[in-house]
Structure formats: structure tokens, C-alpha cells
Amino acid sequence: MIVPFEHVLILAGILFALGLVCILVWRMNLIMLLIGIEIMLNAAMLAFVGGAARWGMADGQVFSLLIMAMTSAEVSLALAMVVYLHRRKKTVAADEFSELKG
Amino acid sequence: MEQAIFYILAAVTVVATLFAIAEKHAVHAIVYLVTSFFALSVIFFLLGAPVVAVFEVIIYAGAIMVLFLFVIMMLDLGHPERARLPGRRDWWPALLLGAVTLAAALTLFAARAPAVAPAGKAIGVKEFALALFGKYGVAVEVISMQLLFALVGALYLGKRREK
Amino acid sequence: MKLYLTLILLFPLLGGAVNALIGRKLPRRLSETLACASVWGAFVCGLLTFGAYRAPVTVELATWLADFDFAAPVTLYLDPLSLVMTLMITFVCGLIHVYAVGYMAGEGDQARFFALLNIFVFAMLVLVLAENLPLLYLGWEGVGFCSYALIGFWYTEKKNADAGRKAFITTRIGDTLFGIGIVWCFQLFRTESIAQINQMGGVVSAGVVTALGLLFLAGAMGKSAQVPLMVWLPDAMAGPTPVSAQIHAATMVTAGVYLLARMYPLFGASPAVMAAVAVTGAASAFFGASCALAQRDLKRILAYSTISQIGYMMLGVGCGAVTAATFHLLVHAFFKALLFLGAGCVIAALHHEQDIFRMGGVRKGLPLTFGAFLAGAACLAGLPPTGGFFSKDAILAAAWAKGGLLYGGLYGLGLVTAFITAVYTFRMLYLVFGGEGETTHRFPRVMEFMLPPLALLGLFGGLLNLPEYLSAGWLGRFFTTALRDGAVQLSPGGELALQGIAAAVSLAGLAAAHLRYGGARRQKRLEEAATTPRGMTAFLLNGWYADSLYRLLVIRPYEALAGFLWRRVDEGVIDDSLDRLADGLGTAGQGLGRWSCGRVSVYLLSFAAGLALILGWLAWGWGLD
């Protein structure tokens, strides 16, 4: 372990907070919103990998790989939906799509 | 030496991510993000996870980000002057919430007694592979199914319907 | 024997089922033939059973209700009483079915009519042949339902449908008490078999037997239209005339008498029950006869006379003279069916005119009907030597022989009633058949041909059970093979004297009717009848105002209660509170629904705020530690 585990976690926390801010700021652009999600997922992966190194077990790394696979599925679907929605309303602003309003 | 590299890379990651968030040009943001992910993959490598690091470069920086680029180009979104950009009203609640979250998380980390990092034994590729396909074999299967479903879903969504 | 008994029940059931299920698709002639053939088939089986009968038999056909030690299988019990009843029911109903073919010729919906008529016969036979009380109750309710459906057969007119409902609800009062009695029987005796219960009367205390007897009497009151549950029978004349003949004269209303005769071994031990039965019977007999005296509607006269005659039967049972009561039941079934069918012919010939004061001269137009009606009237009035004379006299003799103040008084009441009976019978006869008038309407001749057999049976029905001094009565001897008769025997001289008195009374009634309605005096009565009835006449015409009394005592308070429950409790409290609750929930839902704005960014912001809150709270807690 080259650095204390806490430092890895702090880095992951900062990245997560940045991803959160990205999501909250970019409501008028679905693509940037998705990028924010990617940043947060990366933060989670970093925490997993750090944990794996801390306790010397492979499970954390396996989970970060699974997160990656899951993310690729999610991104492909999400982007397909962005394309579909853009075709319908010629915009990618998230707030334009409010058909599910109660 | 390795510690210094870790901190430098950490700084690169955070700064690149910050730029990516603040960038109004989507394509530029993607490029910043790729930088950030490259730095992150090296951090992974430093933390003894070479396979994850390699996949980070190949899949994240290579495939997913390129997918984003393709969509941006396809939808012709690379014109920041046309789109509405986040104003001050968007920034301050986001920053406030982010800061509170981060501060709370950091407080929680700091409240822990600093653990003396024991030298965790290095994890080899073989160990990783055994854990992935042995212990988590079912999870791999489930993920593969999920990928298949995502493929079908994306095909369905992408089909051009006759109005 | 088992085969015959099964077929007796199966024929009417099959006929009814076929008519009910596919009767609409069948040609009219086939449907009618089927209905008549099934009843006559049952009659033939009844005759065969009669030929093969040696001793009482119990036949178990199937299991029906069985739970723990409760058992009510489909078991039939054949003894002289049920055998005679079966023969009478199938024969009279067979004639009435054929008559109905003619009577209903112009009416639609014959499949429903004949299906109900057949099922009615089936239910009545189940009632008569049942070996246990639940099965008897099945038949009991079956005839009740068929009666309801047939009274309201022409249900498109509200009056008819109301009459059906009235019959159903009124008899339901008695049926409920009877049902309670049945359940109580099982609780007391741990069995529902009639034969076993009848032998166990001594097991329980006399008070319990009395209470049980009163419950059964209440059931009999409802079904047999006895005071105070008699109000439904006159209104039941809204049904087609064959229905009136079949249900409200010959068969169904006698079910109460049959029940009491059947359970006589159990209740005979309780003087209180016997007295109650006798008093009910005598009161009903007097009530019915007095009301019949003032009626203007031909069928209503006959309906009130039915109440009166069944009252006689109840009186007979109350005196312990089961044989005499059954004897009168049989003879009454013949002559009352005859009178109703004759009345149907008259009504059909006069364009459905039922007011006797507008009739007249029918004897010239319908000589055959007149002859038959005359025979029936002689039976009803109890003129010697018709069947009605012997059977009625047997009951009165039993009351006299029982002696004592109560039964002596009942005998006197019975004599008075016999006088009134003769008067109203011949009043009816004079008004309908006397005088001048035209019968213009043609009706199927088959209807008239059903009258002579019944007339013969009514006239010579006395041969069934001749008094002791002539020869030992066949019916009495037949019954003593299996039944116990509680009647006190009179000396031949005494019996002869009583018969002389009865004959004199009925002849006096005839004379009184002749004096008032005969010859030229008929015209005067017709003029009187044109004015509105007053005083005593109105009182009798309206059936002692029993309907108004019940309306005042029962229906008004019930309606008020129902109205209160409906408007105040149901609509005011239950509905209103539910409406308010629904309104409140709807408003709350709409208010909460505004929170879902459908904008993703707001949701995300809420997520983030929640996350910040939770993490902040955790950090706060950690910081304090």
C-alpha cells in the first residue's frame, strides 16, 4: 500500500462530489448529465480498488470490473434513449421531458 | 517516489474533472474527462490492480467516451453558442450540496482513527481471474445477460419508426 | 318398491327440468304433452306402489346432508298417510295439468308455466314422502317458491307480482319458525328422522314438546293460510286459475295439515299443542266462512272457503282425529279442485269476468259445468250424502267426542261455520248460475271434461271412510295398520245423532240461501250490490280488515324503520362518511400530486439534498462522539 487508505477514499469522495455537482448543474444537457454519472461511478470504482489493495483481496477489483461492464450497458441504453428523445423533441434538455408528471 | 506519483495523478484527476464539468463545449469536456480517466487508470495500476487499469483505458477512455463523442457529433451538439448554458442559479445549489456532501464525507473519514496501513499482499492477475470466474461466476453470467438486454434495447430504441 | 318411489319423484322432476331448460325450443304441443305425461306417469307409479304396498317402507335413495353426527339423506318413507297423499296429489294435479293445457292455450310462455307446475308437483311429492325433516323442508320451500312464481306468473302487472311477493313473505314467517323447530329437533334428539323423532316424545319434558309443537304449528299456519297468517291466500288468486286450483286448494295449502298429522305422535302427548291447533283451526274455519259470505269475486270466495275448510282439517288434527282430517283433506282436494276448475270454465266463458254480481244464467250456457259445480257446492256445503258431508261430520264428531268446555265450544263454532258455509256456497251458486245471462266466449272443451271425474270422487268420496255404523271405514282401517289415531270413538247412536244435526244445519243453510237469493229475490240483491258496502258487509268483504291491521302493526313500522335506516343510517352516516373520506383522499392525492412536477432536475436535486442531509446528520453524530 503506497498511500494511506484514507487518502484514496478522500480522492474518491472528491471525485464523487464533483460528479454530483456535474449532474446538478447540467440539467439542460442530458449528455453532460450522463458524464456526471460516469464520474461518480469512477469514484466508486476507485473506492473498490483501494479497498482491494487495503485488505489484499481480489473481490474489490472484481466489483470494479463488474461496475465497468454495468456502466457500458447503461451508457449504451442511455445514449440510445438520448438519440430517441432528441429525434422526438429536437432537444436534449432534461426538463423538456416531463410527460410522467402526476 | 510512488507516493509522489499518486498525489500528482490525484491532482491531475481532480483538476481535469473540474475542467470537464466547467467546460461549456461538450467535446472539450469529453477530452478533459479522458485525461482524467487516464490518470485514474495509472492510480489503479499503482494500487495493484493492473487488469482494472487496463480495462479503464480500453473500455472507459476508449469505448464509452468515444460513444459519447459519436452521439454528440450525430446530434450535432458541438455548438455551445446555440445551447443554453448553466447560469449562476444552477451553480450555487449544486456547489452547496456538493460541498456539504463532501464535507460530511471528509468529516466521517477524519473521525476514524488513522489506520496503520498494513502491507496488503499484492493481488496477481491469476488471483483476480480465479475470483472473477470462480467465486463470481454467476455475476459474470448476469452481467453478460444485462449486456445482451442493453444491446436489444438500444437496437429497439434506435429503430426509425414510420410516423 | 324402490323403483316405483324413485320414478314417482323422477317423472315430474324430469318433466320440469326438460321444460325449464329446452322448453322454449320445443313445439308447444310437445311441451304440454311432456308436462301432463310426467304427472300421469307419477300417478301410474303411485298406483303400482299402492298395489305392491304391504307395510311401511323406508327407502334410502342417496346421501344429501351429512356432517359429523348430523345426517339428512334423501330417504323416502311410505306409509298409508303418504301413500294416500301421493295418490291424491298425482291424480288431482294430473287432471289440473290437462285442464291447464286448455286454459293456457291462448297464453305465451307455456314452457315456464309447465316447468313450474311440474316442479311444484315434484316438491310436493318430496314433502309428502320425505323421511326426515330437512328433506321435508326442502319440499316445503320448493312448493313455497313455485307458489310464488306461479302466483306472479303474469308478472308484468304489478298487482300480480305484489300478490306473489305477499304470499312468499307471509309464508316465510311461518317457515322461519318451522326451520327453527327443525334445528331444535336435532339439538334435542340428535336425529332428523321423523319416525325416530315421533318415538322420542317422552324423552324431553312436556314444556319443550309444547314449544316445539307451537313452532311447527306456526309453520303450518303460514303454509296452510291459517289465522293469523292467512292474508296471502285471497290475494294469491291473482295467478292463473289452474294454479289456484292446484296450489291453493288441492295440494300446497294442505301441507301444514299433513305436517301436523305426520308429527302427531310427537305432539299428541301435549294437550296445549293440540288445543292450540284446534283453536287455530276453528278460528280459521269461522274467519274464512264469514269472509266468504260477503265476497264478490268468485275466486276470492273459493279462496276464503279454502281457509275455512283447512281450518276444519286443523280442528280435526287438534282433536286427535288424524284419519278424519286426512279424509277431509282428500275429499276437499277433490271438490275444491272441482270448484276452482269449474270457476275457471265460468270465468273463461264470461270474458274473464270474476264479479259474481255481474254473472248469471250460466247454467244454460254450460250445463256440464253447472252439474259439476253443483256437485262441488253440495260437497262444500256438506249436504248429505256427499263426501264432504261425511268427512266434515267425522271432524265435528271427533270434536264433540273429545268433550270438555273447550272442544264443546269448538264443536259449536264448527256447527255455526257449517251453517255459514252452506249459505255462502249456495249464494254463490244462485248468483252465478241463476237468473238470465249470456255465455258468449268459447273455450277449449277439454277443460270441462276434467270436471266429471272430480265430481264423482267428491260425491262418492264418502265411501272411502264410511261411518262405523254402516261398515268399518276403509281409510280408517288402512291407517290403523301404521298410524295411531287419537280420536275418541262414539257410539253408533251418538254418531247418527251428530250426523242428523250436521245435515239439518247444512240444509238450513241451503234454505237460508234460497230464501235470500232464490228466484225473483236475486234481482233485488243485485240492486243492493250496486251500492257501496257498509258496516258488516264491508268488514267481511275486506277480510275483517286483517290487511289494514297488519299494515298498521307491521308494515308501517317496518317501512319507517327501513326508511330511517336507508336515509339516516345508510345514506346519512355510512355513505356520507365514505364520500367524505373519498373526497379527502382525492384532495390529498391531488395536493401531493403537485409535488411530482415531472422534471428530472428537481428529482435529482431532491436526491442530492437527501444525501447531503443524511451524510450531514451522520457526520454530526460522529463529530459529537
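Residues numbered from 1 in each chain as written. Chains lettered and ligands numbered in written order. Predicted model: local features only at pLDDT ≥ 70, side-chain atom pairs only at ≥ 80, totals over all residues. Heavy atoms only, no water.

Time to look at empty space enclosed by the protein. Residue and element names in this part refer to chain C. Scanning the model with the defined rule gives three cavities of 30 Å³ or more in all. For the lining of the largest cavity, the secondary-structure elements that each account for two or more residues are helix 18 (387–402) and helix 23 (492–517). For the lining of the largest cavity, the element with the highest residue contribution is helix 18, accounting for five residues. Residue classes in the lining of the largest cavity are distributed as five nonpolar, three polar and two charged. (1 Å grid on protein atoms, 1.4 Å probe; cavity = no way out; pocket = protein on both sides within 12 Å on 5 of 7 lines; lining within 4 Å. Points joined across faces, edges and corners; volume = space filled by probe spheres on them. Helix = DSSP H or I, 4+ residues; strand = E, 2+ residues; numbered from the N terminus. Nonpolar A, V, L, I, M, F, W, Y, C, P; charged D, E, K, R; others polar.)

Here we take up the interface of chain B and chain A. Each partner contributes to the interface: chain B provides 75 residues, whereas chain A provides 66 residues. Carbon and sulfur atoms supply 79% of the area buried between chain B and chain A, which totals about 6,600 Å² over both sides. Three residues stand out in chain B for area buried against chain A, namely Leu47(B), Phe68(B) and Leu157(B), and they jointly supply 10% of the buried area on that side. Remark: the boundary between chain B and chain A carries two salt bridges. Counting across the chain B and chain A interface gives eight residue pairs in polar contact (both at pLDDT 80 or more). For the side of chain B that touches chain A, the secondary-structure elements that each account for two or more residues are helix 1 (2–22), helix 2 (26–46), helix 3 (50–74), helix 4 (88–111), helix 5 (125–135) and helix 6 (137–158) of chain B. For the side of chain B that touches chain A, the leading source of residues is helix 3 of chain B, giving 12 residues. Its residues assigned to classes, the side of chain B that touches chain A comprises 53 nonpolar, 10 polar and 12 charged. (Contact = heavy atoms within 4.5 Å. Buried area = accessible area lost by both parts, 1.4 Å probe. Salt bridge = Lys/Arg side-chain N within 4 Å of Asp/Glu carboxyl O. Polar contact = N/O pair within 3.5 Å; in protein donor to acceptor, adjacent residues only side chain to side chain.)

Taken together, the contact pairs 11 residues of chain C with 12 residues of chain A. Both faces considered, chain C and chain A share a buried interface measuring about 940 Å² in area, 65% of it formed by carbon and sulfur atoms. At the junction of chain C and chain A, the tally comes to one salt bridge. With a shortest N-O distance of 3.6 Å, Asp95(A) and Arg599(C) are connected by a salt bridge. For the pair chain C and chain A, the interface holds one residue pair in polar contact (both at pLDDT 80 or more). Sort the elements by how many residues they give to the side of chain C that touches chain A and helix 27 (residues 600–624) of chain C lands first, with six residues. Classifying every residue of the side of chain C that touches chain A by side-chain character gives six nonpolar, four polar and one charged.

In this fold, His86(A) is placed in helix 3 (residues 59–89). For His86(A), a relative accessible area of 15% corresponds to the buried category. In this structure, His86(A) is in contact with Thr91(A), Val92(A), Leu75(B) and Leu77(B), ignoring residues within four places of it in sequence. (Buried < 20%, exposed > 50% of the residue type's maximum accessible area, 1.4 Å probe, protein only.)

One finds Met88(C), Val92(C), Phe113(C), Phe216(C), Met263(C), Phe267(C) and Val432(C) to be the most contacted residues of the largest nonpolar core, which totals 197 residues. At 21 residues, helix 15 (residues 322–349) of chain C tops the list of elements feeding residues into this core. Core analysis: the second largest hydrophobic core is formed by 75 residues, Val92(A), Ala61(B), Ala94(B) and Ala612(C) among them. (Core = buried A, V, L, I, M, F, W, Y, C linked by side-chain atoms within 4.5 Å.)

The next subject is the pattern of salt bridges. Residue and element names in this part refer to chain C. Scanning the entire structure with this criterion turns up 20 salt bridges over all chains. For Asp576, the salt bridge identified is with Arg580, shortest N-O distance 3.0 Å. Here Arg580 and Asp576 lie together in helix 26 (residues 546–593), a separation of four residues that amounts to about one turn. Asp576 sits in the partly exposed class, given a relative accessible area of 30%. In this structure Arg580 comes out as exposed when scored by relative accessible area, which is 59%. Through salt bridges with shared partners, one network takes in Glu141, Arg172, Asp175 and Lys223.

Between Val227(C) and Pro228(C) the backbone carries a cis peptide bond, its omega angle lying at 5°. Structurally, the position occupied by Pro228(C) is in the loop between helix 8 (206–223) and helix 9 (232–235). In this structure, Lys90(A) takes a positive phi of about 55° despite not being glycine. Looking at the element boundaries, Lys90(A) is found in the segment after helix 3. Assessed through its relative accessible area of 63%, Lys90(A) is described here as exposed. Positive phi, close to 55°, is recorded for Ala225(C), a residue that is not glycine. Along the chain, Ala225(C) falls in the loop between helix 8 and helix 9. Ala225(C) sits in the buried class, given a relative accessible area of 0%.

Taken domain by domain, chain C consists of domain 1 (292–544), domain 2 (547–594) and domain 3 (595–625). One C-alpha centre belongs to domain 1 of chain C, the other to domain 2 of chain C, and the line joining them spans 53 Å. (Domains from an automatic or database assignment.)

With that settled, the discussion passes to the packing of helix 1 (residues 5–25) of chain A against helix 1 of chain B. Axis separation between helix 1 of chain A and helix 1 of chain B bottoms out at 10 Å; the angle between their running directions is 5°. Considering their axes alone, helix 1 of chain A and helix 1 of chain B lie roughly parallel with respect to each other. Across from His7(A), Val8(A), Leu11(A), Ile14(A), Leu15(A), Leu18(A) and Cys22(A) in helix 1 of chain A, the residues of helix 1 of chain B making contact are Phe6(B), Tyr7(B), Ala10(B), Thr13(B), Val14(B), Thr17(B), Leu18(B) and Ile21(B). Its residues placed into classes, the contact of helix 1 of chain A with helix 1 of chain B shows 12 nonpolar, three polar and no charged. (Axes fitted to C-alpha atoms, helices over the stretch in contact; angles between N-to-C directions. Parallel < 35°, antiparallel > 145°, perpendicular 65-115°, else oblique.)

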